[in-house]
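Summary of structural features
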Amino acid sequence: ELEEVEACLRGVNFHKTKARNLRAIGSVLLAEHGGAVPRDFEGLVALPGVGPKIANLVRALAFADVEDCGMVVDTHVHRLARRLGWTSSADASPEHTRRRLE
């Protein structure tokens, strides 16, 4: 049940949204991927709630596929890189920052 998943994630920010996404991911994996997690970036970011950061993290850690993965940049690294002058305001997203820092 969704409430069970929410209870497991209660200490995590946005636990209700993450619980819904996890349930949805499970359904998509069963319906469209035979229960297997896609190995490619495009397949991963197509899953509910999965963005570039998590897609690259899954590729690197679950599949040992580090080609074109690069570093994992979240909003905190993105903001810090801008404050330190490593990136500019033209780098509008964590994904832009990731490419710039690499």
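To be clear, the structure that these remarks concern was listed above.
To start, this report covers the structure provided alongside it. Values in this document were obtained by computation on a predicted structure and should not be read as measured data.

Inspection of the secondary structure puts His-76 in helix α5 (residues 75-83). The exposed category is assigned to His-76, whose relative accessible area is 51%. Placed 18 residues apart in sequence, His-76 and Pro-94 show a C-alpha to C-alpha distance of 8.7 Å.

Okay, unusual backbone geometry next. One non-glycine residue, Phe-14, lies in positive phi territory at about 55°. Take Phe-14: it is sitting in the loop between α1 (2-8) and α2 (15-33). In this structure, Ala-64 is a non-glycine residue whose phi angle is positive, near 50°. By the secondary structure assignment, Ala-64 is in the loop between α4 (52-63) and α5.

Looking now at the side chain of Arg-59. Take Arg-59: it is sitting in helix α4. Setting aside residues no more than four positions away along its own chain, Arg-59 makes contact with Arg-39, Asp-40, Phe-41, Leu-44, Ala-64, Asp-65, Glu-67, Asp-68 and Cys-69.

In this section: α2. In this model, α2 (19 residues) spans 25 Å end to end at C-alpha, consistent with the 27 Å of a helix rising 1.5 Å per residue. Those residues of α2 not exposed but buried are His-15, Ala-19, Ile-25, Val-28 and Leu-29. Against α1 lie the buried residues of α2. The positive-phi residue at the C-terminal boundary of α2 is Gly-34, with phi of around 60°.

A few words now on the pattern of salt bridges. A side chain with one charge can pair with a side chain of the opposite charge if their charged atoms come near. All told, the structure shown has three salt bridges when counted by the stated rule. Arg-98 is the salt-bridge partner of Glu-95, the closest N and O atoms lying 2.6 Å from each other. With Glu-95 and Arg-98 both in helix α6 (residues 94-101) and three residues apart, the pair spans about one turn of that helix. The pair Glu-95 / Arg-98 is uniform in exposure class, with both members buried. Here Glu-95 and Arg-99 are joined by a salt bridge, their closest N and O atoms 3.4 Å apart. Of the two residues, Glu-95 and Arg-99 are both situated in helix α6; the distance of four residues between them amounts to about one turn of the helix. The class of Arg-99 is partly exposed, set by a relative accessible area of 46%.

What counts as what
Residues numbered from 1 in each chain as written. Predicted model: local features only at pLDDT ≥ 70, side-chain atom pairs only at ≥ 80, totals over all residues. Heavy atoms only, no water. Helix = DSSP H or I, 4+ residues; strand = E, 2+ residues; numbered from the N terminus. Buried < 20%, exposed > 50% of the residue type's maximum accessible area, 1.4 Å probe, protein only. Contact = heavy atoms within 4.5 Å. Expected span 1.5 Å × (residues − 1). Salt bridge = Lys/Arg side-chain N within 4 Å of Asp/Glu carboxyl O.

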